[in-house]
Amino acid sequence: MLAVKNIFSNTLHLFYPHICTGCGSDLINKNSLLCFNCINDLPHTNFASYPDNPVEKVFTGRIPLKAAHSEFYFSKGQLVQHLVHLLKYKSNKEIGHYLGTMIGNSILTSGRFTNLDYLVPLPLYPDKEFKRGYNQAEVICNGIAEVTQIPVLIKNVIRQRATETQTRKHRAERWQNVDGSFCILKPQVLTGKNILLVDDVITTGATLEACGQAILKIPGTSISLAALAHASK
């Protein structure tokens, strides 16, 4: 019977191969999205467990944070960039959710991200979200929520105006580009709450800063940050 199952499994794999999202190898467990080599190559930062880590230093003197974390280091041409690209531009929400569970496990075991009331994905401008079909930060939040059981709050923190791409802008230009672009529809929902604001990649942090400042205008709120990756400048 075992031999028959193996033949059936091998035949099924031949016609419907399950391949690694990272490298395309078919040497992968049927329940995983990444092969062992890609999982081993993921550049985890372990920032969640350490105060004053490089992500927190990005926001020093700019916005008060309880804690901040990025799960991976971001390098051009490397695995994490490839996975983020699949999430943002190739509609691969599955990999975003999967990596989000890794963030969830990191913040859950760190002991520093406590008493969180809501996960809030950094909002996209509605037209952009409509064209993409989803908000990648919300996908990541759903992965975090699966592990932590913290509710995801959407459609309350919104981006009220379109902004230009931040890619080729300097830090000051990035801040000017996003300043005043976020608002809160129902502030009473967030009053006195501890929020984890979530994005995909942190570079200068200007967009997260602008969004965080809008939230912190609500009495009694506090902010922590989490992202898939940190791209140092």
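Residues numbered from 1 in each chain as written. Predicted model: local features only at pLDDT ≥ 70, side-chain atom pairs only at ≥ 80, totals over all residues. Heavy atoms only, no water.

(A) Seen up close, the overall build of the protein chain. A tally of regular secondary structure across the protein chain gives ten helices and six strands. Each of the 233 residues in the protein chain was classed as buried or not, and the buried ones make up 49%. Taking contacts inside the protein chain between residues at least 6 apart in sequence as the whole, the part at least 24 apart equals 74%. Accessible surface, the protein chain: about 12500 Å² in total, of which carbon and sulfur atoms supply 53%. (Helix = DSSP H or I, 4+ residues; strand = E, 2+ residues; numbered from the N terminus. Buried < 20%, exposed > 50% of the residue type's maximum accessible area, 1.4 Å probe, protein only. Contact = heavy atoms within 4.5 Å. Areas by Shrake-Rupley, 256 points an atom, 1.4 Å probe, with all protein chains shown as cover.)

(B) Representation of the confidence of the model for the protein chain in the model. Residues of the protein chain with pLDDT of at least 70 account for 84%, and the chain-wide mean is 89. For the stretch residues 4-15, pLDDT sits under 50, and the model shows two contacts to residues farther than four places along the chain or on other chains. (pLDDT = per-residue confidence, 0-100.)

(C) Just the nonpolar core, in detail. Core analysis: the biggest nonpolar cluster contains 38 residues, and L42, F72, L83, L196 and L228 have the highest contact counts within it. Those elements giving two or more residues to this core turn out to be α4 (79-89), α5 (93-110), α7 (136-148), β5 (194-202) and β6 (222-230). Sort the elements by how many residues they give to this core and α4 lands first, with six residues. Beyond its immediate sequence surroundings of up to four residues, F72 is in contact with L42, P43, H44, T45, V80, L99, M102, L228, A229 and H230. Counting residues in each nonpolar core, the second largest holds 26 residues, with L153, I184, I202 and I215 among its members. (Core = buried A, V, L, I, M, F, W, Y, C linked by side-chain atoms within 4.5 Å.)

(D) Region of the structure containing the pairing of β5. The buried fraction of β5 is high, at nine of nine residues. For strand β2 (residues 118-121) and β5, the ladder comprises four bridges, and the chain directions are parallel. Within β5, the residue paired with V120 across the bridge is L197. As judged from the eight bridges shared by β5 and β6, these two strands associate in the parallel manner. Each bridged residue has a counterpart across the sheet, and for D199 the counterpart in β6 is A227. Since β5 and β6 lie parallel, the crossover through helix α10 (residues 206-216) that links them has a hand, and here it is right-handed. (Pairing = 2+ DSSP bridges. Right-handed = clockwise from strand over helix to strand, strands pointing away.)

(E) View of α7. With 13 residues, α7 extends 19 Å from end C-alpha to end C-alpha; this agrees with the ideal 18 Å at 1.5 Å per step. Among all positions of α7, only Q136, A137, V139, I140, C141, G143, I144, A145 and T148 are buried. Buried-residue contacts for α7 involve α4, α5, β2, α6 (126-132), β5 and β6. With a side-chain oxygen positioned 3.0 Å from the backbone nitrogen of A137, the residue opening α7 is N135. Positive backbone phi, at 65°, marks Q149, one or two positions downstream of α7. (Expected span 1.5 Å × (residues − 1). Polar contact = N/O pair within 3.5 Å; in protein donor to acceptor, adjacent residues only side chain to side chain.)

(F) Representation of the pattern of salt bridges in the model. Applying the stated criterion to the full structure yields four salt bridges. For D200, the salt bridge is made with K88, and the minimal N-O distance between the two is 3.4 Å. Taken as a pair, D200 in strand β5 and K88 in helix α4 lie far apart in primary sequence, 112 residues in all. For the pair shown, D200 and K88 are each scored as buried. A salt bridge links K155 to E129; the nearest nitrogen and oxygen atoms lie 3.7 Å apart. Of this pair, K155 sits in the loop between α7 and β3 (157-159) while E129 sits in helix α6, placing them 26 residues apart in sequence. Here K155 falls in the exposed class, since its relative accessible area comes to 56%. With a relative accessible area of 17%, E129 lands in the buried category. (Salt bridge = Lys/Arg side-chain N within 4 Å of Asp/Glu carboxyl O.)

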